[in-house]
Amino acid sequence: MKWGMPVMTRSRLFCNSSIIRQNLRQYGWIGILYTLALLFILPLQLFINGEGLKEPVVLEGLFDLGMDIPVILIPFPIITGLFLSRYLQSKGSSDLMHSLPLRRSHLLSSYTLSGLLLLLPPIWITSVVTMLVRPLESNMYIYHGAEVWQWCLTLTVLTLFLFAFTMFVGICTGQTILQGVVTLILLVLPAAMLMFIDMHLNRYLYGYPDSIGSRESLKDWAPMLRIADMSYSPFSPTELWVYALLFAAFLTLSFVLYRKRHSEKAGQAMAFTYFDPLFKAGVMLCSMLLALSYFGSIKQGTGWIVGSVVAGGVIGYILVEMVLRKTWHILSRKLPLELAVYSILLGLLLYVPVSGLTGYETRVPASGKVSAVFAGGNYADLMQRPFGAQSAAPAEEVDIYSKDAKYIEAVTALHHAVVTAKPDQGQAMWDYVYLPRHPFTLSYQLKSGGTLMRTYLVPSAGFEPELKAVMGHADYKRERYQISRMNKNIESIRMSNLDKAFSISDPQEVKEFKDILIRELLNMSYKDQVSDQRSRASIQVIQKPDQNGFQAQYTYSWYPTYHELGAWLEQEGYADKVKITVADVVSAEMFRDMNHNKLPPGRMYDPETRLELARSEKRAVMVTDKTLINGILEHRRNYNRREGGYAVKIVYKNDSSSYISLDEQEMSPALKALLP
């Protein structure tokens, strides 16, 4: 300040103190309620939850204590933004506030600062109280300043983002109710749109990767869903930086757009007309995708697909027009033309990616351009960290890709055969039972640095040569049966079958068993892998506990083709401890599994209903001869529902039962002669 110069009045400061005081008087209850809610959800829970504890509990974070904090965190900043931007949405208050001798930047900064004064002190007060109560004896939780700082910083950043985003939406809209609805929708919309688009591509684009596993990560794109998940997955520093930058971006945009907003837009749906086309297209696209996803999951006909897209577009257009015009009288001369233009453009947007124009479906990399490849049906499982294993490395750190040139050539040959024949990818249970198909994820690492991934259901019929080349390769079996995980810190091996079980913990025996099992897995032929051979027992390979006490287990099967393993178990005296013998069987009822077309559709797959039909048609017989029952047990296969096949219901002494199938060529003449 210079002597002789007039002192700058408060009204010319960037923030007007009178407006701030008025807002605090009018909406101070929000800050009080927010403070009480946070005090209840954190420091008070330390004493409520810890009351029954005998020993102090060390907390690694403060987000999983008591109630879910998102229930409190999400609504308060949004409600504050709605109340503080109401002066923009009401014509009377808008005219009044804009008639004051204040620049718009002064007004917005005053209301923004008012919101921050209502929202941030409760977080900081709660953090201070949480630190102050830390040494109290009745507080049975052990935590440090770092945990409190993380809690405070996370809530501060997220509160700033939610409040700034709500204010930004308020600048762009002219109605408080619409502002609230749009805010909530936009906080979820990214994940919903990605999910709908993913479903659309997965349904209509041949070979598009089935990304069920990755859909879980879609929540990271929707702030509301990500915040709702914060109790289980705290925000990382990178995520907090992103939300802090988003806060700054939306705050800046709010100041920029507010300067161009007309006061007359108060009460209108959208404050800027150039947002109308985007708003219409967005609502129509969402409506189209929603209708396409719903009807596409029920009906696959072209008429249903086209009809659902058209119906979704028309409904979305009518809805958005009524919102924008604030009336249901929307008919006008230009409406049909505008609707047609939007429908055609959005229809092309949906159609072109799933059409053959992009060459996506036929694109197969040349084997010479591939540096490494993965082929198998367990890609999603390999990409996930074992549940509960915080220290176990997920598969992407283990390298599941093969660089073997012959294997790469075999995989690309299979890929060529699939995209040429384009076998049906439907998953009807009936087809699945009678026409065995193998799920395959083909993932390529290209020498150019790119990646390419496709997923298919490959039927055995018609693809035997290509499947043999891939499934018979050692690199396929290593990942298919996760052999690499068997080489790590195995503590014991457990085998079980019905109520029989035993464990091997002797290190030498464990090593011998593991080595034999690995050889058996690597020696499995293509025929062994696709056959319906029934497991003789279940094998659990149990690893030693990690530093967190987690003990990983991997399950395998003891198949009758494992001759070396069977001989070892017999030699060591373990085989009889899990093998099912005639002495374990109460009854065995054999029948010809046929005439399934006589069964009602809803019970066509029920083996008990099939047996009842066989009984009524005199096609079932009870096997009582122990030699014949022993033959059934030796040659039992998985129940396959094959028309005209032989099936047996076996009841065991432990009150359990199972249905198995028999291969006609393996049945003795005496067993065949029992049936008419």
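Heads up: the structure comes first, above all this text.
Read on for a plain summary of the structure. Keep in mind that what you see is a predicted model, and the values were worked out from it rather than measured.

Details of the pattern of salt bridges
Link 1 in the chain: Summed over all chains, the structure comprises 19 salt bridges.
Link 2 in the chain: Between lysine 598 and glutamate 617 there is a salt bridge, with its nearest N and O atoms 2.9 Å apart. A residue pair is termed long-range when its members are at least 10 positions apart, and lysine 598 in the loop between strand 10 (585-593) and helix 25 (607-616) and glutamate 617 in the loop between helix 25 and strand 11 (620-623) qualify at 19 residues.
Link 3 in the chain: With a relative accessible area of 54%, lysine 598 lands in the exposed category.
Link 4 in the chain: Across the salt bridge formed by glutamate 608 and lysine 649, the nearest N and O atoms sit 3.3 Å from each other. With glutamate 608 in helix 25 and lysine 649 in strand 13 (residues 645-652), the pair connects residues that are 41 residues apart, well separated along the chain.

A look at unusual backbone geometry
Link 1 in the chain: Positive phi, close to 55°, is recorded for leucine 498, a residue that is not glycine.
Link 2 in the chain: If you trace the backbone, leucine 498 turns up in the loop between strand 6 (490-497) and strand 7 (500-504).
Link 3 in the chain: The phi dihedral of aspartate 655 is positive, around 70°, even though this residue is not glycine.
Link 4 in the chain: What makes aspartate 655 exposed here is its relative accessible area of 75%.

Here we look at the packing of helix 17 (residues 405-421) against helix 19 (residues 464-471)
Link 1 in the chain: Across the interface, helix 17 lies against helix 19 with an axial gap of 9 Å and an inter-helix angle of 150°. Considering the angle they form, helix 17 stands roughly antiparallel to helix 19. Where helix 17 crosses over helix 19, the handedness of that crossing is left-handed. Contacts from Tyr407, Ala410, Val411, Ala413, Leu414 and Ala417 in helix 17 reach Glu466, Leu467, Ala469 and Val470 in helix 19.
Link 2 in the chain: Of the residues in the contact of helix 17 with helix 19, the class split is nine nonpolar, no polar and one charged.

Calculation notes
Residues numbered from 1 in each chain as written. Predicted model: local features only at pLDDT ≥ 70, side-chain atom pairs only at ≥ 80, totals over all residues. Heavy atoms only, no water. Salt bridge = Lys/Arg side-chain N within 4 Å of Asp/Glu carboxyl O. Helix = DSSP H or I, 4+ residues; strand = E, 2+ residues; numbered from the N terminus. Buried < 20%, exposed > 50% of the residue type's maximum accessible area, 1.4 Å probe, protein only. Axes fitted to C-alpha atoms, helices over the stretch in contact; angles between N-to-C directions. Parallel < 35°, antiparallel > 145°, perpendicular 65-115°, else oblique. Left-handed = near helix turned anticlockwise from the far one by under 90°. Contact = heavy atoms within 4.5 Å. Nonpolar A, V, L, I, M, F, W, Y, C, P; charged D, E, K, R; others polar.

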